[in-house]
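The lines below spell out each chain.
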Amino acid sequence: MMKLHGLSNKDSNNEIQLQRYQHKSFNLTYLYKEAAPGREKDRPIILVHPVGIGLSSWFWKRLMDSYKDNPPIYAPDLIGCGIDHGADAWDPEAVGLFFPLSWVEGVETLMNEIVLPKWRESQNSLLPSVFGLSRQGNKGYGCLVIAQGGLASVGIMLAQRNPLTVSNLMLTSPPTYKDVTTAIPTSELRRNYEFLRSTIFGSIAFNILESRALIKFFSNRFLFQDECDEEWLDETGRESVVAARTPVQAFNAGLLQHRSFEVDLKESPQPKLIVSGEGDKRAVDRQPYKEQLDSCTLVTIPGLNVLPWESPDALVNLIKELGC
């Protein structure tokens with residue numbers, strides 16, 4: 001176990017721990033919070049962090065800490081992220097990735113090799129292992145997946161590809177339904193990516209955007225309903241290193257939007273919960289999720305665009321309503 005900024009590194013129950021796992025050629029990391037006593041058999045939660053300057057799985061720290069009577073919770077660092085945690089960087093010149101598929105596959109490795117085996121070990125018999133009989137009385141199965149912001153497509157693909165091991169999908173502050181179901185032209189994606197990868201213009205842009213002052217300005221302007229806090233700025237600062245730029249370049253170029261995810265959404269059988277912040281003007285444009293999908297609910301909680309950090313207690317209450 002490794003030391004983690006702002007978190008306990010003691011091997012004790014209900015503490016957030018930093019751990020490692022292997023996916024293909026990548027050494028990856030994840031945050032893990034053991035189940036509270038009596039919650040070991042309940043469905044695990046997998047948290048998909050947003051991608052952006054300074055972001056990694058630390059984004060979920062407040063939510064994980066706020067959930068006191070929790071089931072097992074896992075927050076993986078996506079490939080190329082979590083550099084401050086000790087994860088491998090991603091070099092596009094050495095290893096090519098497909099977006100969002102490669103990130104989905106990395107989370108699936110964690111789910112299939114660590115999350116589900118550990119959960120099944122806690123069961124007394126095959127029946128609760130398969131159907132996830134919960135102490136709270138919910139007879140769901142598999143994991144609850146929560147994906148933040150523009151990483152909605154990762155959550156959507158995880159649900160569509162794993163109908164027997166993902167029970168529910170929650171999307172917090174996702175793109176509008178139109179954005180999720182509309183592909184960006186390849187020529188535009190190529191132009192965006194080449195600019196961000198440019199050793200001159202791209203490098204200058206990142207050097208400016210990675211400054212604490214710019215992160216604070218951007219966060220206050222676009223992410224937080226109120227002002228961001230010092231802990232947020234400290235965490236983003238630790239992860240704002242050159243080695244962490246490549247996944248941000250891919251995401252900001254729009255590579256996750258190279259195709260529509262409408263079929264994935266409609267084919268996945270899991271109930272879906274779309275969560276918007278009360279200050280988010282895009283909430284009205286998320287109404288089509290409910291209109292177009294079976295078993296989809298829209299809710300609003302305090303905050304703007306980083307709800308797990310702004311309103312962790314409100315989000316925990318929504319998770320509990322899902323039986324987790």
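Thresholds applied
- Residues numbered from 1 in each chain as written.
- Predicted model: local features only at pLDDT ≥ 70, side-chain atom pairs only at ≥ 80, totals over all residues.
- Heavy atoms only, no water.
- Helix = DSSP H or I, 4+ residues; strand = E, 2+ residues; numbered from the N terminus.
- Rg over C-alpha atoms; globule rule 2.2 N^0.38 Å.
- Buried < 20%, exposed > 50% of the residue type's maximum accessible area, 1.4 Å probe, protein only.
- Pairing = 2+ DSSP bridges.
- Axes fitted to C-alpha atoms, helices over the stretch in contact; angles between N-to-C directions.
- Contact = heavy atoms within 4.5 Å.
- Core = buried A, V, L, I, M, F, W, Y, C linked by side-chain atoms within 4.5 Å.
- Parallel < 35°, antiparallel > 145°, perpendicular 65-115°, else oblique.
- Left-handed = near helix turned anticlockwise from the far one by under 90°.
- Nonpolar A, V, L, I, M, F, W, Y, C, P; charged D, E, K, R; others polar.
- Expected span 1.5 Å × (residues − 1).
- Bend = angle between axes of the 7 residues up to and from the residue.
- 1 Å grid on protein atoms, 1.4 Å probe; cavity = no way out; pocket = protein on both sides within 12 Å on 5 of 7 lines; lining within 4 Å.
- Points joined across faces, edges and corners; volume = space filled by probe spheres on them.
- Polar contact = N/O pair within 3.5 Å; in protein donor to acceptor, adjacent residues only side chain to side chain.

### A closer look at the overall build of the protein chain
Here comes step 1: Within the protein chain, the regular secondary structure consists of 14 helices and eight strands.
Here comes step 2: The C-alpha radius of gyration computed for the protein chain amounts to 19 Å, which stays within 12% of the reference 20 Å derived for 324 residues, consistent with globular compactness.
Here comes step 3: Projected onto the principal axes, the alpha-carbon positions of the protein chain cover approximately 60 × 45 × 40 Å.
Here comes step 4: Sorting the 324 residues of the protein chain into buried and exposed places 53% on the buried side.

### Focus: the sheet that holds strand E7 (residues 272-277)
Here comes step 1: With mixed pairing, the eight strands of this open sheet are ordered in space as E1-E2-E4-E3-E5-E6-E7-E8. With one partner strand each, in any of the chains shown, strand E1 (16-23) and strand E8 (296-301) form the two edges of the open sheet. Going from strand to strand, the sheet's axes swing by 25° on average, the running direction of each strand aside.
Here comes step 2: The sheet contacts of helix H2 (residues 101-121) involve E1, strand E2 (26-33), strand E3 (45-48), strand E4 (73-76), strand E5 (143-148) and strand E6 (166-172), and relative to E1 the element is tilted by about 115°.

### Notes on the nonpolar core
Here comes step 1: In this structure, Val 48, Leu 78, Phe 99, Trp 103, Leu 151, Ile 156 and Tyr 289 are the most contacted members of the largest nonpolar core, which totals 54 residues.
Here comes step 2: Tallying contributions element by element places H2 first for this core, with nine residues.
Here comes step 3: Not counting chain neighbours up to four residues away, the residues in contact with Ile 156 comprise Leu 169, Leu 171, Val 180, Phe 261, Asp 264 and Leu 265.
Here comes step 4: Among the nonpolar cores identified, the runner-up in size contains 34 residues, and Ile 45, Tyr 67, Trp 232 and Trp 309 belong to it.

### Thoughts on the packing of H2 against helix H4 (residues 152-161)
When two helices pack together, their arrangement is given by the angle between the helix axes and the distance between those axes.
Here comes step 1: Taken N-terminus to C-terminus, the directions of H2 and H4 make an angle of 60°; their axes are 9 Å apart at the nearest point. Classified by the interaxial angle, the pair formed by H2 and H4 is oblique. Crossing hand, H2 versus H4: right-handed. Along the contact surface, H2 presents Leu 101, Trp 103, Val 104, Glu 105, Val 107 and Glu 108, while H4 presents Val 154, Met 157, Leu 158 and Arg 161.
Here comes step 2: Taken together, the residues of the contact of H2 with H4 sort by class into seven nonpolar, no polar and three charged.

### Describing the pairing of E5
Here comes step 1: Within E5, six of the six residues are buried, which leaves it mostly tucked inside the rest of the structure.
Here comes step 2: Burial along E5 is two-sided: the residues Cys 143, Val 145 and Ala 147 and Leu 144, Ile 146 and Gln 148 are all buried.
Here comes step 3: Note that E3 and E5 share four bridges and pair parallel. Bridging across to E5, Leu 47 finds its partner in Ile 146.
Here comes step 4: The pairing of E5 with E6 spans six bridges and is parallel. Each residue of the ladder has a partner; that of Cys 143, found in E6, is Val 166.

### Structural notes on H2
Here comes step 1: With 21 residues, H2 should cover 30 Å at 1.5 Å per step; its first-to-last C-alpha distance of 29 Å lies within 8% of that length.
Here comes step 2: The largest bend in H2 amounts to roughly 40° and is located at Met 111.

### Regarding empty space enclosed by the protein
Here comes step 1: Per the stated rule, a full pass over the model turns up three cavities of 30 Å³ or more.
Here comes step 2: Its boundaries defined by the atoms lining it, the largest cavity holds a volume of some 70 Å³.
Here comes step 3: Gly 52, Gly 54, Glu 239, Ala 244 and Val 248 are, among the 15 residues lining the largest cavity, the residues nearest its centre.
Here comes step 4: Top element by residues in the lining of the largest cavity is helix H10 (residues 245-252). It accounts for three residues.

### A word on the side chain of Asp 42
Here comes step 1: The residue Asp 42 is located in the loop between E2 and E3 in this model.
Here comes step 2: Within the structure, Asp 42 has its side chain in polar contact with the side chain of Arg 39 (distance 2.4 Å).

### Thoughts on the layout of surface pockets
Here comes step 1: Each pocket or cavity is described by its volume, and for the largest pocket that value is around 1,000 Å³.
Here comes step 2: Around the largest pocket, the lining is made up of 39 residues, and of these Val 51, Phe 218, Leu 223, Phe 251 and Asn 252 lie nearest the centre.
Here comes step 3: For the lining of the largest pocket, the secondary-structure elements that each account for two or more residues are H4, helix H5 (177-180), helix H8 (212-223), helix H9 (230-239) and H10.
Here comes step 4: By volume, the second largest pocket is sized at about 210 Å³.
Here comes step 5: As for the second largest pocket, its lining consists of Phe 98, Phe 99, Thr 186, Leu 189, Arg 190, Tyr 193, Glu 194, Leu 255 and His 258.
Here comes step 6: Residues belonging to the lining of the second largest pocket are distributed by class as follows: five nonpolar, two polar and two charged.

### Examining unusual backbone geometry
Here comes step 1: Omega for the peptide link from Phe 99 to Pro 100 comes to 0°, which places this bond in the cis form.
Here comes step 2: If you trace the backbone, Pro 100 turns up in the loop between E4 and H2.
Here comes step 3: Its identity is not glycine, yet Lys 24 carries a phi of approximately 50°, on the positive side.
Here comes step 4: Mapped onto the fold, Lys 24 is located in the loop between E1 and E2.
Here comes step 5: The backbone phi angle of Ser 173 is positive, close to 50°, even though this residue is not glycine.
Here comes step 6: Examined against the element boundaries, Ser 173 turns out to sit in the loop between E6 and H5.
Here comes step 7: On the accessibility criterion, Ser 173 (3% relative accessible area) is buried.

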